[in-house]
Amino acid sequence: MADDVVQLDELLATLDRTGPVPLYFQVSSAIERAIRSGDIAPGARLENEIAIAQRLGLSRPTIRRAMEELVDKGLLVRRRGIGTQVVQGQVTRQVELTSLYEDLQSSHHAPGTRVLEHEIRPADAATAAALSVPAGSDVVYLRRQRSTDGVPVAVLVNYLPPDFADITTEQLEAKGLYQIMRARGVTIRVANQRIGARRAQGDEGELLDIDKGGPVLTMERVAYDASGRAVEFGHHCYRPDMYSFETTLVAK
């Protein structure tokens, strides 16, 4: 993340203030070109709207609309306590049988994990059905915050059968869950997965550094090993400005 605030004086010095093209569009287009070309680096912070407007002799509504255009395109994000910042680079996830940790590594991002909860608890009805265990029986409960390059991107909740109870918090902080499973000889062969969206709940807004009740992407998955046994039930939520799912459709 860049420590210095980027000033836009030189970038916006050639605005046409008398032509037919709206000033907000000229401002947003110039900043967008600079971001996409790498002239403004991922993680860089921009001046606040008031400072930009005063320095360039533009109205604050003009600057606000330009910034909103860039936020809507996923190029900028407003973060509490930090200000307006260039997005680090959205993670696009193929809808495949991989973990988020592996997806971040393969897309050249630095994954980070904070274990929020790690305990044994009785399975509720939904978890018991997903893992094919008796309701009320012990399962491993995990709740983690996953980040990319220091920016929070997901809150992950997973339930595992009790024979995974010896997985340690240290392992979960150092590796992805599927990597840990493979090291134990577990090969995940198939999964049922559902993708959706909802509003952030509880502390998810704080953990993802988004507005309370803001939109999040969701994914629910039940994964099975080579014997057909359910070895993971997970439901995750993701920041929509930092994350997307991608799939290829083929006509029959």
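All of these numbers come straight from a predicted model, not from anything done at the bench. The residue numbering used here restarts from 1 in each chain and proceeds along that chain's sequence as written. The predicted nature of this model means local features are confined to residues of pLDDT at least 70 and side-chain atom pairs, given and counted, to a pLDDT of 80 or more, with totals for whole chains, interfaces and linings taken over all residues. Hydrogens are left out, water is left out, and the side-chain values use all remaining heavy atoms of the structure.

Trainee: What should I look at first to understand the side chain of T127 in this one?
Mentor: Strands here are runs of E lasting at least two residues and helices are runs of H or I lasting at least four, both read from the DSSP assignment and numbered beginning at the N terminus. On the secondary structure map, T127 appears in helix α5 (residues 125-131). To sort residues, take the accessible area from a 1.4 Å probe on protein chains only and compare it with the maximum for the residue type: under 20% means buried, over 50% means exposed, and anything in between is partly exposed. For T127, a relative accessible area of 1% gives the class buried. Residues count as neighbours in contact if any of their non-hydrogen atoms are within 4.5 Å of one another. Excluding residues within four positions of it along the chain, T127 makes contact with V139, Y159 and F233.

Trainee: Any chance you could explain the packing of helix α2 (residues 49-56) against helix α3 (residues 60-72) here in plain terms?
Mentor: Two packed helices can be described by the angle between their axes and the distance between those axes. Helix axes are fitted to C-alpha atoms over the stretch in contact, other axes to C-alpha atoms as well, and angles between N-to-C directions run from 0 to 180 degrees. It is the contact of α2 with α3, at a shortest axis distance of 9 Å, that shows an interaxial angle of 125 degrees. On the basis of the axis angle, α2 is oblique to α3. For the pair α2 and α3, the sense of crossing is right-handed. Of α3, the residues touching α2 (which contributes E49, I50, I52 and A53) are R60, I63, R64 and M67. The residue inventory of the contact of α2 with α3, partitioned by class, reads five nonpolar, no polar and three charged. Oblique is the label for any angle not under 35 degrees, not over 145, and not in the 65 to 115 range, which are roughly parallel, roughly antiparallel and roughly perpendicular in turn. Should the near helix be turned anticlockwise from the far one by less than a right angle, the crossing is termed left-handed; should it be turned clockwise, right-handed. Polar here means any residue other than Ala, Val, Leu, Ile, Met, Phe, Trp, Tyr, Cys and Pro, which are nonpolar, and Asp, Glu, Lys and Arg, which are charged; Gly is therefore polar.

Trainee: Even after reading the chapter, I still don't get the packing of helix α1 (residues 23-37) against α3, so can you show me in this structure?
Mentor: At a minimum axis distance of 8 Å, the contact between α1 and α3 shows a crossing angle of 45 degrees. Between α1 and α3, the angle falls in the class oblique. Two packed elements cross with a definite hand, and for α1 against α3 that hand is right-handed. Contacts between α1 and α3 involve L23, Y24, V27, S28, I31 and E32 from the first element and T62, I63, R65, A66, M67, E69 and L70 from the second. Across the contact of α1 with α3, the residue classes break down as eight nonpolar, two polar and three charged.

Trainee: Teacher, can you tell me more about the pattern of salt bridges here?
Mentor: Any two side chains of opposite charge can pair if their charged atoms end up close together. We define a salt bridge as a side-chain nitrogen of Lys or Arg found within 4 Å of a carboxyl oxygen belonging to Asp or Glu. On inspection of all chains with the given rule, the structure shows eleven salt bridges. Here R55 and D9 are joined by a salt bridge, their closest N and O atoms 2.9 Å apart. Remark: D9 occurs in the loop between β1 (5-6) and α1 and R55 occurs in helix α2; sequence separation between them is 46 residues. For R55, a relative accessible area of 38% corresponds to the partly exposed category.

Trainee: What exactly am I supposed to notice about α3 here?
Mentor: Because each turn of an α-helix spans 3.6 residues, side chains separated by three or four positions end up pointing in the same direction. Take the residue count of a helix, subtract one, and multiply by 1.5 Å to get its expected span. When the terminal C-alpha atoms of α3 are compared, their 18 Å separation across 13 residues agrees well with the 18 Å that a helix rising 1.5 Å per residue should span. When α3 is considered as a whole, its buried residues turn out to be T62, I63, A66, M67 and L70. Along α3, the residues classed as buried sweep out an arc of 125 degrees about the axis, all on the same side. Away from the buried face of α3 by more than 90 degrees, exposed residues P61 and D72 are located. Contact partners of the buried residues in α3: α1, β2 (45-46), α2 and β3 (76-79). Throughout, the arc means the angular range of directions from the helix axis out to the C-beta atoms.

Trainee: Mind showing me how you'd approach the side chain of D225 here?
Mentor: Here D225 is to be found in strand β10 (residues 215-225). In contact with D225, other than residues within four places in its own chain, are V186, T187, I188, R189 and V231.

Trainee: How should I be thinking about the environment of R121 in this particular structure?
Mentor: With respect to the helices, strands and loops of the structure, R121 is situated in strand β6 (residues 111-122). Residue classification places R121 among the partly exposed residues on the basis of a relative accessible area of 25%. Remark: the alpha-carbon pair of R121 and D138, spanning 17 residues in sequence, is separated by 5.5 Å. For R121, the residues in contact, after removing those within four places along its chain, are S137, D138, V139, Y141 and Y159. Two N or O atoms count as a polar contact when they lie within 3.5 Å, although within protein this holds only if one can serve as hydrogen donor and the other as acceptor, and sequence-adjacent residues are included solely when both atoms are side-chain atoms. Reaching out from R121, the side chain makes a polar contact with the side chain of E119 at a distance of 2.7 Å.

Trainee: Just checking my understanding: could you explain the nonpolar core for this structure?
Mentor: Where a protein is soluble and globular, its nonpolar side chains tend to be buried together. Nonpolar cores were defined as sets of buried Ala, Val, Leu, Ile, Met, Phe, Trp, Tyr and Cys residues, with membership established by side-chain atoms within 4.5 Å. Counting 23 residues, the largest nonpolar core has L8, V27, I31, I40 and M67 as its most contacted members. Within the residue set of this core, elements represented by two or more residues are α1, α2 and α3. Here this core gets six residues from one element, more than from any other, and that element is α1. The residues contacting V27, other than those within four sequence positions of it, are L12, L15, L58, I63 and A66. L177, Y178, M181 and V186 belong to the second-largest nonpolar core, a separate cluster that totals 15 residues.

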